[in-house]
Each structure stands twice: as C-alpha cells, then as structure tokens.
Amino acid sequence: MVWVGNREIAWCPGCGNFPIRTALESVLKELPVPPQKIVLTSGIGQAAKMPHYLDTNFFNGLHGRALPLAVGIKIARPDLTVIAVSGDGCNYGEGGNHFIHTIRKNLDLTILTHDNKVYALTKGQSAPTTDRGTMNNLDPQGNENRPFNPLAAAIVMGAPFVARGSAGDPDHLKEVLKEAILFKGTAVVDIFQPCVTFNHINTYQWYKDRVYRLGKPLPDRYEALKTAEIWGERIPIGVIFRDEGVMPRQSDRIIFREPPEDKALGAMLSQQHFK
Amino acid sequence: MVWVGNREIAWCPGCGNFPIRTALESVLKELPVPPQKIVLTSGIGQAAKMPHYLDTNFFNGLHGRALPLAVGIKIARPDLTVIAVSGDGCNYGEGGNHFIHTIRKNLDLTILTHDNKVYALTKGQSAPTTDRGTMNNLDPQGNENRPFNPLAAAIVMGAPFVARGSAGDPDHLKEVLKEAILFKGTAVVDIFQPCVTFNHINTYQWYKDRVYRLGKPLPDRYEALKTAEIWGERIPIGVIFRDEGVMPRQSDRIIFREPPEDKALGAMLSQQHFK
Amino acid sequence: MELNLLIGGEAGQGLASFENTLVDILSKLRFRFFATKNYMSRVRGGHNYHMFRISENPVHALSGDGWDIVVALDRESEQRHKPDLKKGGLFISLEMTEELNKQAREKYGRITAANEILSGVVLSAMGCGDGDIARIEGDSLDPVRTGFSLANKWDVADRYPLSTRAGNHYRLDGNQALAIGALLGGCQFMAGYPMTPSTSIMVYFAAAALELTVHFEQAEDEIAALNMALGASYAGLRSMVATSGGGFALMQEAVSLSGMTETPVVIIVGQRPGPSTGLPTRTEQADLNFVLHAGHGEFPRIVFAPGSPAEAVLLARKSFELADRFQIPVFILSDQYFADSQQIIEEPLDTGIIAREYNVYGSDYRRYAITENGVSPVTYPGLGDALVRVDSDEHDESGSITEDLNLRVRMVDKRLAKFRGIRDEAIAPTPMGEADADVFLVCWGSNGPIVKEAVERLGGEGIRVGGLHFGQVFPLTPGMIDRYGLHRRKVVAVENNATGQFASLLKRELDITVSGRILKYDGTCFTVNELCNEMRTYFRKV
Amino acid sequence: MELNLLIGGEAGQGLASFENTLVDILSKLRFRFFATKNYMSRVRGGHNYHMFRISENPVHALSGDGWDIVVALDRESEQRHKPDLKKGGLFISLEMTEELNKQAREKYGRITAANEILSGVVLSAMGCGDGDIARIEGDSLDPVRTGFSLANKWDVADRYPLSTRAGNHYRLDGNQALAIGALLGGCQFMAGYPMTPSTSIMVYFAAAALELTVHFEQAEDEIAALNMALGASYAGLRSMVATSGGGFALMQEAVSLSGMTETPVVIIVGQRPGPSTGLPTRTEQADLNFVLHAGHGEFPRIVFAPGSPAEAVLLARKSFELADRFQIPVFILSDQYFADSQQIIEEPLDTGIIAREYNVYGSDYRRYAITENGVSPVTYPGLGDALVRVDSDEHDESGSITEDLNLRVRMVDKRLAKFRGIRDEAIAPTPMGEADADVFLVCWGSNGPIVKEAVERLGGEGIRVGGLHFGQVFPLTPGMIDRYGLHRRKVVAVENNATGQFASLLKRELDITVSGRILKYDGTCFTVNELCNEMRTYFRKV
Ligand SMILES: Cc1ncc(C[n+]2csc(CCOP(=O)(O)OP(=O)(O)O)c2C)c(N)n1
Ligand SMILES: Cc1ncc(C[n+]2csc(CCOP(=O)(O)OP(=O)(O)O)c2C)c(N)n1
Ligand code: SF4
Ligand code: SF4
Ligand SMILES: [Mg+2]
Ligand SMILES: [Mg+2]
C-alpha cells in the first residue's frame, strides 16, 4: 500500500501517476478559486482514480466518458473550474468521439490525459498511443495499429491550447498544468506517464533520454503540428500551440439557480392556449 | 417518386446523392471484380440508403456504425472489395470514434462520406461539418461548434489516401472514386453533396463558384494538411494525399472456409489435458 | 355529430402545412378535434396521410369508422383511401385540389393559400359561415371564404354541423406536452441527438432556450447526451434527454451510472417499430421491457407512460420532482403516434413551475450518507463548504471507492430501500367503463384514450367491460389495483407490440393472469372501431 | 478426506503465480481440486486471496467449512483469515513464508522457487512422498522436495492423506472452457475490448489465433466490437464477443441489429457487481434481466448460463450451432467467480470441431425468404451468383427497405416464428437431490455446483431437498420442468443478486411461485456451508 499523507493510494509504488498527482495538487492549491469551485471528472482506469486523491468536487464516471460529463457540468455552471482527467485508453480510445467533438465545442475546459501507452487497469493491452509492434496478451504478434497522436488531433480539431507534459519533469509539468487550467478555452494536455508495471519500453529513463523542453509555443498551426509529430530520438514537451484569439462560448449565461419565470413560460404557453 | 431505370429511389429530386450514385455505379462496373465480390456497408441517413440502389452485396447497419461492419467483413474476407458509404453525421458524428480508429488499422478499405453538412434524414440539424453560425431547428441561434475537417483528421490519423470529390463535378468524382477503391490501403473520400431540401447555403452553385480541381496529390503531409484546410473563396477537390509506401495489413491470411483443424486445436487443448 | 377527414399525398406536397393551418383555425374557433399522421421515412415522395377527427364531443383517438371527406393529392392516395370513404362522403380529387391551387395562386399570389381555402371547405362542411370566423385573422380570412364558396359548389356545406364547442383550452401534440411538462417540472438542461419521433421535444426545448433560462445542447452521440445530462444534474440543474430505441440503446451504461451515482435524470423514450432501425417514422410499444431493465445491475427506477397530452404534462412535471426526491432515473415512455398527435386539452393545467432545492452543507458533507429511506441529503458543487464527490464504483458514504464488502451490502440496501418510498408514491391506473364488469381491458401509454372510447362505445351497445389505463407502468404495486379485483376477472391486454410485454409484467409483478392479448404491430395505432371489433369477437369466443 | 487451503496477501506478491504452480502440479499428479480467488481492482497492494480445495471426491465449489491451512503473506491476511482456520489447522505465518523465500533465493537462486516449495508443503500434507512426484519435471522437483522437509518440520506431513485420484482429465478455468467451447463450435472471429472478468477469454482466443485459423481483433470500443463481429459473421465466419455489464451496455444497439438482420453471433457476458463500475473484480449475477431484454424491439434469442467448465464447453459449442441454425444472437451468462475458478473435468469432452455450412445460391437469392419456421436459407458474399443484402430497417425478402405494413407484420411473424424451433430445442435443467422432495432449490449459472453439493450434504443429514440447475435460462418452457411438478412444491431460488431476478422470471414465464429467495450480493460466491445453513434456517421456519 502506498500512503501519501493520510491517504491510501491504489497505484503501484513508483507509478508515474504520483508525480502528476503532486503537480496537479499544488496547481489546484495555487488557483485563485477555492476547492469547492473546482470539479474534476474522470472515467475508469488507473489515471481515472486521480480525483479520489485530491480535495475537490469530483464525478468519477464511466470508462471513456469523462468529457461529456465535463461538458454538462461546465454548461450548467460556468462559474466552476472544470478539469477532465483520465487515461489514454479512456480519453482517446473508448472516449475518442468525445475527445474530437468536445474540442469543437470550444468551452472553457481542461482535458488532461495520463499517457502511459497501455491499458493498465486491465493489465497491459495496447492503447491508442501504443507504438506499432508492441507485444502484449491481446497482441501476441505485436500491435498493428498506427499510434494515435493526441496533440496533432487536438490541433486539427481546433483546440486553442495544446501541450505536453511529462511525469519525469514535474516542475515543468506543474507550469504546463497551471497554464492550461488558467487558459480561457479548451486546453488539451497529454502527459507522459511511465507505467512501471506494464510498460517496459516507455520508462522514466526512456523519456529522460529523449524529452526536451520547448521554448515559446509555436504561433503557426502547421509548425505546431509538425512539432507535435516529432517522435524518436528527441521528443518535445511544453506548450505546443496557444491561440489567444478564440473566445470560449457560454461563459456569461447563468442559469443555475435562475429557474424560468412563470411569466416567461406563460408567454410561451399562451401560443398553445386558446380562450 | 424518383425512378432511375426500374429502381424507385427515396431521395428528393435534384439531390446531390444522384450524381454520386451514378458515379459509384459506373466505377463498380469498371472494377476488375464481379458485384458478388463487392460489399457495401452503410449506416442510417439519406446517404446510407445508397447500397439499396446498387447491385452488390450490402450490409445496411446502424447509424454511425458502417466502419466497424466494414472492418469485420474485410478481416473475415480479404478477398472482398469492401466500401463503407454513409453521411457526414453518420461517419463523423455518431461514428467519429470508428472513423479515427478504423484509419489507424490500415486495412484495405474505402471510406466514402456524402458531406451535405446537415443531418438530412432527421430534417436539418447541424452535422459535424456544418459551418459555424448556421441556423436550424436545434440551433436557432446558430451552430457554435468549429467544423470538423475530415480530410485533415484522416491525414493526421495516418490515412495513406485522402481525397475530396464533389457531386457537382461527376466526371472528376468518378476518377477519384475509382482511384480510391483501387488503392491498396485505407482510402478516405469526402464528397460534397448538395442537399436541396435542407442546406440552402452549400448549394450546387455555391460549390460551382468555389471548387477547383487539384493537380497531382501533394507528396508532403503538411502541404496536404494545409490544402485540406483551404476553405472559403476557393476550395480544392481531388486526391490530396497519396502514400504508396504503406502496405495494408492482413491481405494474405485466409481463414474463410478454413476451419481450425481438429489436430491443431487438439495440440492446444493438450496443454489442459492430463492423462 | 362529427367529421372525419383524411388528406393523403407525397412527402413534400405540403400535407404538414395543411395540418398546421387547419388545426390552427380549429383551435381558434374552439372546435374539438384530434389530428394524427402516418408518414414514411423520407423527405420527398412516398405516401403520407394526415387524419382529422372534428367533433362535438371531446375526441382523443381515431374512430376508424370511415372518412367523411378524403382529399387525394396523388393517385396513390385515391387508390388507398377512397375505398374507406363513407357512403355519401366527399371525395376531393386531384383535379379538384388542382382547381384549388389555381385559385390560391391566381387570387392570392401564394400557393400556401390553398391550405386556407381547403380549411374553408372543411369549416363550411362543419356548418361555419361568415359569422363564425371572426377569430381568424388577416391574410387567411379571404381564402377561407373562398373555401366556403367551393364547399357550396361541391355541395358539402353544412353537411356535418357541429354545434357545441370547447371553452378555454390548450392545443398540444404529445411531444409539446412532454416538453411543457419538463419545463414546468423545472428542467433547465437537455442534451440530445436527433432521432424520430423524439426530435421535436428537442426542437421545442431549443426554442424555449431562446426565451427561458434553460439550455439545449446537441451532443455528438446519445452516449454523450446522457452523460452531459448527468453532469449538468450533478452540477445543479434538473436535466433530461429524449430519444428512441436505438439511441436509448446507447444510453444504457449511463442509465446504470445514474442508478449508481444516484444522479437524478429524466429520460424520454419515444418508441417506434424495431428491432434496430425498423420503421423509423411509425408507431409501436415494444420497448417496455427494454426500458424496464435498462442498465446493468440493480437500482430503483420509475417508468411512466402517459396516454394523453394532459397526462403527459402532469407526469413529465412529476418526473422531475420524483427523480430529485429519490435521486433516480425516471423514464417516460412515449411513441410516434403519441408524439405526433395533436389535440385539445380542456381540463385545466397546473402551470406553476416547480424547482430544485438548494441546500447548503458544511465540510463534513457526505454525498452518500446512509439513511433509513435510502435517500441522502444532496447539495451541489460550490454551495457552502461541502465537497460533492460521486463515484461509479461502489463507494463509501463520502463517495470514495470502496471494496469493503459489508459496506457494499449496506449500499445496495440503501439504494434499493428507495423502492419503498417510490412504491408509496405509485400513481394508480385510470379506471374506465364498468367497475364491476367481468372483463377488464388493460392498457398503457398512448392506447389509453383509444381503449377508453372503445370501452364506452361497447358499453353503449350493452357490452359490459371495464378498463384500466396505466400511466405508471413501473413499479406496479398491489395497492394500485386492489380495488378492481382483477384476480377474479378476465383481463385482456391491449398493446402495440407482438408479444404482450405489459401482460407479462402484470403476471410477474402482480400475479395477474392475462387471458387475452389484443396486439397490433404493423406500425400504426389502433382505432376505436378496430378495438371494438376485436372485443366483439372476444365476447363471441368466450 | 480433503484439504482446504487459503493464501492471502497483496496484489503483486505473487499469489497468482503460486496458484498456477500449485494447480499445475496437482493436475499433473491427477489430484482433484477446485481453486478460486478473490481480488481487488488494483495492480499492487490491497488484499487478495486464493482458495484451494483438494479432495478425494470430485469438488466444484468452496466448502466454507474453514481452512486446514492458511498462508498469510501480510498482516492483513493474518487478521482476516486466521480466525477461519479449523481447529488443529496449520497457520503459515509471514515469518514462515519469509523462511521459505529465503530458501528459494539461497538454494535455487530464484524467488519463484518459493511457489514450488510451498506446493511441496501442501503435497506433503496430502500424503505425497518422493515416490508420488514422478510426474513433476526438472527445475521444480527439488524445491518440491524442500517443501516436503518443511512440512515435516512444521509437522503437517500426511495430515490430510488423499488416496484416490482422478483419471484422464482436463484442467480449466471458466473462461478457458468458454473459449475452448467457442473454438469447438467453429468460432473463427472474435472482437473485443478488455473488460474484467472477460478479458481472459480474449487472451485465450488471441493466443489461439497464433496456431489456428481464427482471428482476434481488439476494437476501439464495445460498440465496434459487436459490429465487427456481425460484419465477420455476415461475411462468413462464426463470430463472438465477450464483455461485462458496462461493455455489454454499449452493445445493445448491435444486439438489436443482430435480431433484425438475423445475423448469428454469440455474446458472452461475464457478470460482476453493479450498477455501473461497481466492484469490477468481484462476482454477481445481477445482469440476467439486462441480458434477457437487451436491445430494443422484439426478436428471438437464447440465453445460457453454464454452471461448470464441462457445461461451459458444451453450451458454448452449442451456442454457435444454434446461433447459426436460427440466425439469432445467443448469449452466455458467466460471472467473475465462474471465470476465475479452476478445476478439473473428469467427464469426457466432445472435442470434435463443428463448422458453418456454406450453401451456394443463384442470382434469385433472397436473404429473407419467408419460410414456415422463420429461418431463411443463408449464404455469404462471393459464393455463387447470389447477392447478400441485409438491412437494419424493416425489409422485404430480398433485403430492400420496405414500408409495406402488411409485409412488416409478416416479417415480425417470421422472426418470432423461430421461437417455436428454439423452444423445441430447449435444454432441460439438471436435477439434483431427491426428485420427490417437497422443497426444491432452483439456481442458474455458477451456482449450479454449489447448490448441488449443498443439496447432497443436506440429503446426507436427512433433510430431503431437490434441486434444479438451469443451464438454459431463456426461453423457459413447460416441457423443461413438467416432470418435477414444481407447481406443487415449495421452490426456493438461490441467486447472487439482491432481487431474485430468476425467481421473477420463473413467475412470468412458467407461473411458478418462488416462496423463498436465498440471495447474496456482497461480491463473493456462496459456499456449500453457507447454503446449507440458509436451508436449515428455512426448514426451521417452514
Ligand atoms: C465500457 C467499459 N469497457 C471496458 C472497461 C474496462 N476497463 C477499465 S479501465 C480500462 C483501460 C484503462 O486504460 P487507460 O484509460 O489508459 O487507463 P490506465 O489504467 O492506463 O491509467 C478498461 C478497458 C470498463 N470499465 N468499461
Ligand atoms: C443511434 C441513432 N441515433 C439517431 C438516429 C436518427 N438518425 C437517422 S439518420 C440521422 C442523421 C443523418 O445524417 P447524415 O448521416 O449526415 O445523413 P444524411 O441524411 O445527411 O445523408 C440521424 C440522427 C438513428 N437512426 N440512430
Ligand atoms: S499498473 Fe501502471 S499505471 Fe497502474 S498504478 Fe501500476 S504503474 Fe501506475
Ligand atoms: S433531404 Fe437532402 S440529402 Fe436527403 S434526399 Fe433530400 S436533398 Fe438529398
Ligand atoms: Mg493508459
Ligand atoms: Mg448529412
């Protein structure tokens, strides 16, 4: 059992989820809003347990469905800071349709994905981000699918803020997370997360040998796209794309605790009312 | 009622689906395989009725699910020519998750989408490709979502063949369709299809004023991406990206009518058998 | 006295506009009517027809007794429907409507005036003259008068004089009634993906969002729709979705999520003939079992099936109250026939809006505190010091994942304990006909008013039958029916499906043996006449 | 004589490897055993335990009578399970296993040797000596002998001498049995998305694909999985999917599609406690209703629920035959307890592979030709001149969309007509205990063997009870049970759920009143002892 403070945490010792949790916890503490005004949504998987290990509101829902929950919450309550956090299988696999369409909605949301390139909770199958050729119990001859590039997909869907962090560089990760959450609009962050139990390829050391921090975000979408697709000996992390020009929708209209007035509804109803 | 030959067709007179049907029909006739070896899959919508109006095998399945049907068929029967054809709502909306992941599978399939930028069969709601600001009964204040660009998405997912056709240019469309179907690998074609009943913006004339034919496909993915995103006064059609380098998987392994042999299964079973 | 009218033609010929024009005039003139339609799943062509029953008495079903007037906008309509014209009825042929169109174009410069001219013909047949049409305004007035002259020419004026009229009333179709009920129930959030026959609920809600503090969100799929609604409900808004069988199929996992997280939500399922895509624009009642058992695992629910727009307003409103009270999913079963039938409502509607309560708790708040009745105190993020932690895994009182198996049992018991309160609230079925008859017809949902009229008609013929319409189909409690002594009577179920799903439910839940099943599954509704015939046969056989 | 052993510890401490080592040795030595496990939904930490029952008699359930040996790899295991150690039983403490690990490392240079040493202790307790272990090969042999010495040291050698052993047998867990049954049934295509407790069926199938002409495809989600399987089935391969409640929830629409298009498919649902995510690694039988009513609309289906691996092989094999024969979806209900229990099968298995038939038709082929028994001739694309046209809308005989409402009725009748043939094929329940007892226990699925042993044990005590295990839970026909006169007896249902879903089904389908329900829903299976206690209480009350 791993304990952090007086919390028992159900992750394996050494899991990349721990530094991500620590980074997120300190960012949440530094936000200009109290924890009561923050809601985390998540799906099912190891990463999706995250909300249980932080002191905020949360809705830990279904595998793959963290995003539509977040959309419903944000539309209902523009006053809340809404962050969806789940694994790569959850957000890009089972939940892939929500990933592409939530971005298109242009709400002021943060989408965090722990990218361990594996279905960890179910013990090691290929995730959308798994490299070709990777072998596991359901891919005994090696995964044949081209890996899904979440950052490139997010850019193409029109996300105004697209970034990558790494559990192996927690200080940098903290900065990225903070910038993402404070960004006004849909912010997408993919986070490299070593899974010490099931992923023996993309280890801390593997990332350490490759990852470098980007400087300023790239202003040009195509440059950003190219950068998002850099993979191999050198892999960039940081804010890859940031577009200030887009105003998120729906930030002003308050309907919570503002029930429709009898009079207004009466006026509508009167069209069906014949006296 | 519209009749084509002795077929009654349930589309509105003037619908952009007619020229697409004619083009597809003549391509199918020119293919080096008999109609018995061709399978069309489709979902639900106006476009999805297409297979009923052609003389091949078909599986007209569920709204949004033309692609997994096609995947199952192609894996079972590499000897068949498999074409999935449906509307933009079907393939990119309800079926968006299959769109992105089917491409990653790299099978020898063709994916055709009639892009009328509207949910026509349900009478006019916004589709994923609908422009921002478009008004309709469910978007009385105008659609707020960024439009989905299917070609850009396909390129980013790694599709080796990505093209656009237009019902308003049937000769060109026919060429594009033929090239797509003959291509060995996943070929994605988005087809502009005027809906004369529900889409009063993207009309034949609108396309006529804008559409131009591309020359050779662009060899560079980023150039192709840029081209895929050109929108406005001038809109390119044609094969935007074509990568010969990728071999589709699974074209060789025949299992149809080759049931496992008693002996082979016996050998496996013997691991569980103790004498 | 009544007038039964059918107008048939192709999709795209303006049948729906005619319906709107006529019912609008009828409503304004306070005529009692029932209107419904039968249409194909295509935008142009095919064969559609709209049916109107205009009467001195309140009418809420098709009589099935033949047509007084048939209007054929194409040859197919003539072939199909002219045979059902009553003796002495008026057939308005293609040629006659062409004359009508000509006048519309020539006299009024707009083809839509044809709708008003034809309405004038109908009004004249009903005995209306210039004096009656004061409530019709502006543009329409003169074309209606043209219709009067045509009626004279076609010798149909005053043939079906309707003297009594309704008072103060509402005119609604089933989907409007559901949407209004939802708004009255304090619903502020709806997410949806278009699907016949429930799309128009979304359309109504989206339109309401222009005027009221409510929101409609078009989702990328039905999975997202229900998850969004659960998110919005969790965040503080009464929420709903509406769909049909195939879309509801995609919502199953989130239904179970609602059950586990105890997040209230209202789910409207507009039934159409299945399986799968089936007949997308027709009617059926074959998803009862699917809705009763939707979602994996065990959790409490309520299923309503209103029979009339008035009941729909009432039950939709109540659904939101009960969903919140018990923190459960509440289902409303509708169908295409119900959704697309317009009629007038003469009973008064309670139009007061009810709303969610917003209680504030401190930092020791536990979302799943175990209570006697299974219902935990609820609050929403950002109110007071409470953190609201909800979880799809089995959880402890504070919402944290648990694998404590004793606690698991207590949590199951807590959730299922709500059934007690739910059963206490059960809404009794509506009795019809003779309370002490030997034979009882039972029905649910849209068949209610049809069965009611059939029971009354049979009673008029001296055939003693009782009837029960179930507006609440689940749970079924002995208290709902004990006064009717159904165990001693012959029970006949009337259902729009092929297997008699409600009949089986009565067996399972209340040990009632249904001895006869009158089932229809061709995609159309029953008519009163059809039901009466079935019952007469039944009595001959018994 | 038998030996009951429990080993407990954290996830990641090698409990599963120990289980594998021990059952492997036991199998080779032809001991009769039953092994199952109880584990948490995490990869490391928490509390897991594995249970073994090794016996002279065939054993297929946990006895629940206490443990002869408890091995605790951590303090929590000691606290939880030492109290259940039988008087005189052996407790192997943390300190003792540490000694064992030390020997493994020092003597054999590999920690995994500890599994063999511990197995040696157990074997010695069972009376094994050097002479018995000839069938154990190579590396393992010496560590097992080390275990023998430890057993001597701990004074447990020969304490539970097991003299009789099984003959020729198979060793399988529930999921292996299902996968093997599927392969024997000619299944060549499986698509899936990982989900406990069904993932290992996929693992087995994916491994089989390395050797056999079958294919496993990992899908992007469960919706895709079932649609792929339907595509493959349409194209010519017997196909299946396996999942659990939440994944099955996502397959509902495609279930209905299978019904409408008459595309055969086999669907395995491994149940776990819900609603929603619930307790992902525990056991329950609460998805019966969900599976019975899965998919919108009305269409025929069969639902099996095997109780033993042998029955699982048989029914899985048969599922493919019946799915093809009637062109329907066939469901197999399993659960985590069933999936994860390993045992030996002594009855002979029919290991002949059956296969689909490939008939060839001409150009006048009609996929949905209406026949007396509802089954149309079937062929596949590319065989002969036939075109194979299938449609999710209502369709005519050739597979074209139709809105002909008379044809609609005939097509519904055609599909439902298959129920007649299906009912004729119904597999009778397995009787247990006294055929003329006044009290009958009924159960389904994994409870079968537990109830069987309980009934026998009670019989041994002079308590006369009969029992019926239903391997087929739907449809239920009078013919399946008429010889047992259940209407005259007291029927008690045993189910792993909180509401007694099968009991309600018996009421609805066969009008059998279940007077007692023994229900368990804490995520664990029944033990024989527990059931016997419940029954003794029941008899005291009656
Ligand atoms: C509908 C559904 N399908 C499958 C599962 C089983 N399941 C639980 S977690 C998981 C994969 C988790 O992978 P990922 O999202 O990458 O999270 P990780 O465990 O790697 O952090 C799966 C398939 C489920 N809970 N629900
Ligand atoms: C699961 C499900 N949801 C909704 C529908 C209703 N529906 C039928 S067609 C359609 C949209 C069709 O749009 P598109 O795919 O673009 O086809 P088009 O009619 O425009 O050619 C919808 C929403 C359905 N049949 N199934
Ligand atoms: S299995 Fe992998 S992802 Fe899950 S907790 Fe362990 S190391 Fe982390
Ligand atoms: S509604 Fe639009 S897409 Fe459908 S048939 Fe008519 S024109 Fe074509
Ligand atoms: Mg992962
Ligand atoms: Mg479209």
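Read on for an overview of the structure. The residue numbering used here restarts from 1 in each chain and proceeds along that chain's sequence as written. Working convention: letters from A go to chains and numbers from 1 go to ligands, in the order in which they are written. Totals for whole chains, interfaces and linings use all residues, but because this is a predicted model, local features are given only for residues with pLDDT of at least 70 and pairs of side-chain atoms are given and counted only at 80 or more. Values reported for side chains reflect all heavy atoms of the structure, with hydrogen atoms and water molecules removed beforehand.

### Here we look at the site of ligand 3
This is how it is decided: If a single non-hydrogen atom of a residue is within 4 Å of a molecule or strand, that residue counts as near it. Amino acids outside the nonpolar list (Ala, Val, Leu, Ile, Met, Phe, Trp, Tyr, Cys, Pro) and the charged list (Asp, Glu, Lys, Arg) are all regarded as polar, and Gly is one of them.
Around ligand 3 sit Trp11(A), Cys12(A), Cys15(A), Gln46(A), Asn116(A), Ala120(A), Gln193(A), Cys195(A), Val196(A), Thr197(A), Phe198(A) and Val43(D), and that is every residue in its neighbourhood. Around ligand 3, the neighbouring residues derive from chains A and D rather than from a single chain. Its residues assigned to classes, the shell around ligand 3 comprises 8 nonpolar, 4 polar and no charged.

### A few points about the packing of aromatic side chains
Worth spelling out the cut-off: Ring pairs shown here join Phe, Tyr and Trp side chains whose ring centres sit within 6.5 Å, with only the six-membered ring taken for Trp; geometry is labelled stacked below 30 degrees between planes, edge-to-face above 60, and tilted in between. Numbered from the N terminus, helices here are DSSP runs of H or I no shorter than four residues, and strands are runs of E no shorter than two. Each residue gets one of three labels from its accessible area relative to the maximum for its type: buried under 20%, exposed over 50%, partly exposed in between, using a 1.4 Å probe on protein chains only.
Summed over all chains, the structure comprises 48 aromatic pairs over all chains. Measuring from ring centre to ring centre gives 5.1 Å for Phe161(B) and Phe183(B), while their planes differ by 45°; the resulting arrangement is tilted. Taken together, the positions of Phe161(B) in strand β7 (residues 161–166) and Phe183(B) in the loop between α6 (170–182) and β8 (187–192) put the pair 22 residues apart, joining distant regions of the chain. When sorted by exposure, Phe161(B) lands in the same class as Phe183(B), which is buried. Ring geometry for Phe419(C) and Phe474(C): centres 6.1 Å apart, planes at 85°, overall edge-to-face. Within this pair, whereas Phe419(C) is found in helix α14 (residues 405–424), its partner Phe474(C) is found in strand β18 (residues 472–474), the two being separated by 55 residues in sequence. Taken individually, Phe419(C) and Phe474(C) each receive the classification buried, so the pair is uniform in this respect. An aromatic cluster is present here, built from Phe192(A), Trp206(A), Tyr207(A) and Trp231(A) joined pairwise through their rings.

### Describing the pairing of strand β12 (residues 329–335) of chain C
Regular strands place their side chains on alternate faces of the sheet. Residues and elements named next belong to chain C. Filter applied, for reference: Strands are treated as partners if at least two bridges between them are detected by DSSP. Here, the term right-handed applies to a crossover whose path from the first strand over the helix to the second runs clockwise when the strands point away from the viewer.
The element β12 is largely enclosed, with a buried count of 7 among its 7 residues. Residues Pro329, Phe331, Leu333 and Asp335 of β12 are buried on one face, and the alternating residues Val330, Ile332 and Ser334, pointing to the opposite face, are buried as well. The sheet contact formed by strand β10 (residues 265–271) and β12 spans 7 bridges and is parallel. Within β12, the residue paired with glutamine 271 across the bridge is aspartate 335. On the question of chirality, the crossover connecting strand β11 (residues 302–304) to the parallel β12 by way of helix α12 (residues 309–326) is right-handed.

### A word on the interface of chain B and chain D
Quick note on the threshold: By the convention used here, residues are in contact when the closest approach between their heavy atoms is within 4.5 Å. By convention, the term buried area covers the 1.4 Å-probe accessible surface removed from two parts as they join, with the contributions of both added. Whenever a carboxyl oxygen of Asp or Glu lies within 4 Å of a side-chain nitrogen of Lys or Arg, that contact is scored as a salt bridge. For the purposes of these results, a polar contact is taken to be a pair of N or O atoms within 3.5 Å, where, inside protein, one atom must be able to donate a hydrogen and its partner to accept one; residues adjacent in sequence count only when each atom of the pair is a side-chain atom.
The interface of chain B with chain D comprises 50 residues on the first partner and 66 residues on the second. Taken together, both faces of the contact between chain B and chain D bury some 5,000 Å²; the carbon and sulfur share is 63%. At the boundary of chain B and chain D, one finds 2 salt bridges. Residues Glu217(D) and Arg249(B) are paired through a salt bridge, measuring 2.5 Å at the closest nitrogen-oxygen approach. Counting the contacts that link chain B with chain D gives 28 residue pairs in polar contact (both at pLDDT 80 or more).

### Notes on the site of ligand 2
Heads up, the condition is: The method behind every accessible area is Shrake-Rupley, applied with a 1.4 Å probe, and residues are considered shielded solely by the protein chains displayed.
Taken together, the neighbourhood of ligand 2 is formed by 24 residues, with Gln46(B), Asp88(B), Gly89(B), Cys90(B) and Glu222(C) sitting nearest. In this structure, Asp88(B) approaches ligand 2 through a side-chain N or O atom, which is 2.4 Å from an oxygen atom. Contact distances for ligand 2 include 2.6 Å between a nitrogen atom and a side-chain N or O atom of Glu222(C). Out of a free accessible area of 590 Å², ligand 2 has 98% covered by protein chains. For the shell around ligand 2, the elements supplying multiple residues, two or more each, are α3 (88–94) of chain B together with α9 (245–250) of chain C. Of all the elements, α3(B) adds the most residues to the shell around ligand 2, at 4 residues. When its residues are assigned to classes, the shell around ligand 2 shows 11 nonpolar, 9 polar and 4 charged.

### Concerning the coordination of the magnesium ion (ligand 6)
Residue and element names in this part refer to chain B. The criterion, for reference: Only nitrogen, oxygen and sulfur atoms count as donors, using a 2.8 Å cut-off from the metal that widens to 3.2 Å for Na, K and Ca. Water is left out, so coordination shells may look unfilled.
Coordination of the magnesium ion (ligand 6) by the protein involves Asp88 (OD), Asn116 (OD1) and Val118 (O), with metal-donor separations of 2.1 to 2.2 Å. All donor residues of the magnesium ion (ligand 6) come from one chain, and their arrangement in sequence is D-x27-N-x1-V. Taken individually, asparagine 116 and valine 118 each receive the classification buried, so the pair is uniform in this respect.

### As for the coordination of the magnesium ion (ligand 5)
On the protein side, the magnesium ion (ligand 5) has Asp88(A) (OD), Asn116(A) (OD1) and Val118(A) (O) as donor atoms, found 2.1 to 2.2 Å from it. All donors of the magnesium ion (ligand 5) belong to a single chain; written as a sequence motif, their spacing is D-x27-N-x1-V.

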